[in-house]
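Survey of secondary and tertiary structure
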Amino acid sequence: MPVQDLDKIFQEKIDDEIKIEPKDWMPEAYRKTNTRQISQHAHSEIVGMLPEGNWISRAPTLKRKAILIAKVQDEAGHGLYLYSAAETLGMSREEMINDLHSGKAKYSSIFNYPTITWADMGAIGWLVDGAAIMNQVMLTRTSYGPYARAMVRICKEESFHQRQGFEILLVLSRGSKEQKEMCQDAINRWWWPSLMMFGPKDSESTNSDQSMKWKIKRKTNDELRRNFVDMIAEQIKTLGMKLPDDNLKWNEKRKHYDFGEINWEEFWNVVKGNGPCNKQRLDARKKAWENGAWVREAAAAYAKKKASSPASGGTKGGALVAA
Ligand SMILES: [Fe+2]
Ligand SMILES: [Fe+2]
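In this report, we go over the structure that sits alongside the text.

Rules of the game
- Residues numbered from 1 in each chain as written.
- Chains lettered and ligands numbered in written order.
- Predicted model: local features only at pLDDT ≥ 70, side-chain atom pairs only at ≥ 80, totals over all residues.
- Heavy atoms only, no water.
- Salt bridge = Lys/Arg side-chain N within 4 Å of Asp/Glu carboxyl O.
- Helix = DSSP H or I, 4+ residues; strand = E, 2+ residues; numbered from the N terminus.
- Buried < 20%, exposed > 50% of the residue type's maximum accessible area, 1.4 Å probe, protein only.
- Donors = N, O, S within 2.8 Å, 3.2 Å for Na, K, Ca; no water.
- Tetrahedral: all angles 85-135°; square planar, octahedral: opposite > 155°, others 65-115°.
- Core = buried A, V, L, I, M, F, W, Y, C linked by side-chain atoms within 4.5 Å.
- Contact = heavy atoms within 4.5 Å.
- 1 Å grid on protein atoms, 1.4 Å probe; cavity = no way out; pocket = protein on both sides within 12 Å on 5 of 7 lines; lining within 4 Å.
- Points joined across faces, edges and corners; volume = space filled by probe spheres on them.
- Polar contact = N/O pair within 3.5 Å; in protein donor to acceptor, adjacent residues only side chain to side chain.
- Phe/Tyr/Trp six-rings, centres within 6.5 Å; stacked < 30°, edge-to-face > 60°.
- Lys NZ or Arg CZ within 6 Å of the ring centre and 35° of its normal.

A word on the pattern of salt bridges. Considering all chains together, one arrives at 21 salt bridges under this definition. A salt bridge links R31 to E28, with the nearest nitrogen and oxygen atoms 3.5 Å apart. In this pair, R31 and E28 are both assigned in helix α2 (residues 28-47), three residues apart and thus about one turn of the helix distant. The exposure class of E28 is exposed, given its relative accessible area of 55%. With its nearest N and O atoms 2.9 Å apart, the salt bridge here joins K71 to D129. Taken together, the positions of K71 in helix α4 (residues 62-87) and D129 in helix α6 (residues 119-139) put the pair 58 residues apart, joining distant regions of the chain. Given the relative accessible area of 5%, D129 is considered buried. The network of salt bridges with common partners includes E52, K71, E75 and D129.

See below:
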């Protein structure tokens, strides 16, 4: 069948809300965009474990420690679902990891900011996981089947992440003068970077139109960002804190909050690798990969041994090939 016809059938499926599955024909650019997006999402989950992992040993109570461990472990699980989803498009996990380590593949810039106080655990859960949910709820309806299904499971855990973050801040906001200040300081530092998580403005977002047509995404960066501001501007009232934006104001005509301009210079600077913790994060990932080499080797050797043992039904001396 000529490519134009395949392309037409493909687009009709998308328009009819039929999911695209790994063995279906798809345009190369669709495969490439999804591979890039899903693998970068996977990298973000895994790198995202680092700033919070920093606080596991310093959590203020046993209960907080148990919750934080569970949360960070959830993020590892999200990374694994997503690497598996990306692999269905034909790229190996090793290749994806190599691209992360070489700097060819990106991850969310938000994780290049440092976690300075315990209140940062609250601000990350509330704002960073909160911003991620906006994006991920939309992605439960993305057109590529394995990605959409992974998102359904992930979103359930993300809403727990957001609530636990908000609750950390709620306790601090009702605490001593120092605790209140710590809470406000964390909000001040995480607010703008969390708005940057939605990416460049629609007018400057290069992939946006095609991704909307292919229903990889269903809302634009600006729409998602606006929904996020509307949600947080209301929730912060419960905390009795302030968002660090003098231009934040309800606009009765638009039925949305107006807000100030993002510092785009800072945004691009962190994307390009010059944020406060870019090097530290990548170094930590590379070190973890190197230290895990013996585990991968042992697992591969065990799998090979099992496959060649007659008791397991494997073929002697040969690898077991999945049908
Ligand atoms: Fe996650
Ligand atoms: Fe999360």
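Moving on, we come to the coordination of the iron ion (ligand 2). Tetrahedral metal sites with four donors have an ideal angle of 109.5 degrees; octahedral sites with six donors have ideal angles of 90 or 180 degrees. Surrounding the iron ion (ligand 2) are the protein donor atoms E75 (OE), D129 (OD), E158 (OE) and H161 (ND1), at 1.9 to 2.2 Å. Here the iron ion (ligand 2) binds four donor atoms, and the angle range of 87 to 166 degrees at the metal identifies the geometry as irregular. Linear spacing of the donor residues for the iron ion (ligand 2) on their chain is E-x53-D-x28-E-x2-H. Here the iron ion (ligand 2) and the iron ion (ligand 1) are spaced 3.4 Å apart, with E75 acting as a shared donor. With E75 in helix α4 and H161 in helix α7 (residues 145-173), this residue pair connects regions lying 86 residues apart in the sequence. The class for H161 is buried, based on a relative accessible area of 0%.

Here the focus is the nonpolar core. Ranked by size, the top nonpolar core spans 74 residues in total, and within it Y30, W126, I187, W190, W191 and F228 carry the most contacts. By residue number, the principal contributor to this core is α6, which donates 11 residues. Ignoring any residue separated from it by four or fewer positions in sequence, one finds I187 in contact with W126, L169, I236, L239, M241, K242, L243 and P244.

This part is about the coordination of the iron ion (ligand 1). Those protein atoms acting as donors to the iron ion (ligand 1) are E45 (OE), E75 (OE), H78 (ND1) and E158 (OE), and they sit at 2.0 to 2.2 Å. Here the iron ion (ligand 1) binds four donor atoms, and the angle range of 85 to 153 degrees at the metal identifies the geometry as irregular. All donors of the iron ion (ligand 1) come from a single chain, and their spacing in sequence reads E-x29-E-x2-H-x79-E. Of the residues examined, E75 reaches a relative accessible area of 6% and is grouped as buried.

The next subject is the environment of E52. Mapped onto the elements, E52 comes out in helix α3 (residues 49-53). Taking the C-alpha atoms as reference, E52 lies 23 Å from N269; in sequence the two are 217 residues apart. When near neighbours in sequence (up to four residues on either side) are disregarded, E52 contacts L68, K71, V72, M121 and I124.

It is worth spelling out the layout of surface pockets at this point. Its boundaries defined by the atoms lining it, the second largest pocket holds a volume of some 290 Å³. In terms of lining, the second largest pocket is formed by 15 residues, of which the most central are K32, T35, R36, M91 and D99. Elements supplying a minimum of two residues to the lining of the second largest pocket: α2 and α5 (93-102).

For T142, the location among the structural elements is in the loop between α6 and α7. Among the polar contacts made by the side chain of T142, one reaches the main-chain carbonyl oxygen of I216 at a distance of 2.7 Å. Once residues lying within four places of it in the same chain are set aside, the contact partners of T142 are K19, Y147, A148, K215, I216 and R218.

Turning to unusual backbone geometry, a few remarks are in order. We note that E17 has phi near 65 degrees; this positive angle belongs to a residue other than glycine. Judged by its relative accessible area of 43%, E17 is partly exposed. A positive phi angle, close to 60 degrees, is found at K255, a residue other than glycine. By secondary structure assignment, the location of K255 is in the loop between β1 (249-251) and β2 (256-258).

How two aromatic rings sit relative to each other is given by the distance of their centres and the angle of their planes. Using the criterion set out here, one finds 12 aromatic pairs in the structure. With a centroid separation of 5.2 Å and an interplanar angle of 75 degrees, the aromatic rings of W250 and Y257 are classed as edge-to-face. Overall, the relative accessible area of 38% leaves W250 in the partly exposed class. Accessibility expressed as a relative area gives 8% for Y257, which makes it buried. Ring geometry for W264 versus F267: centroids 5.3 Å apart, planes at 80 degrees, classification edge-to-face. One end of the pair is W264 and the other is F267, both in helix α11 (residues 264-274) and three residues apart, which spans about a single turn. Like W264, the residue F267 is buried in the burial classification. Through a chain of ring-to-ring contacts, the aromatic side chains of F10, W25, Y30 and W214 assemble into a single cluster. R58 extends its terminal NZ or CZ atom over the ring of W55, reaching a point 4.0 Å from the ring centre.

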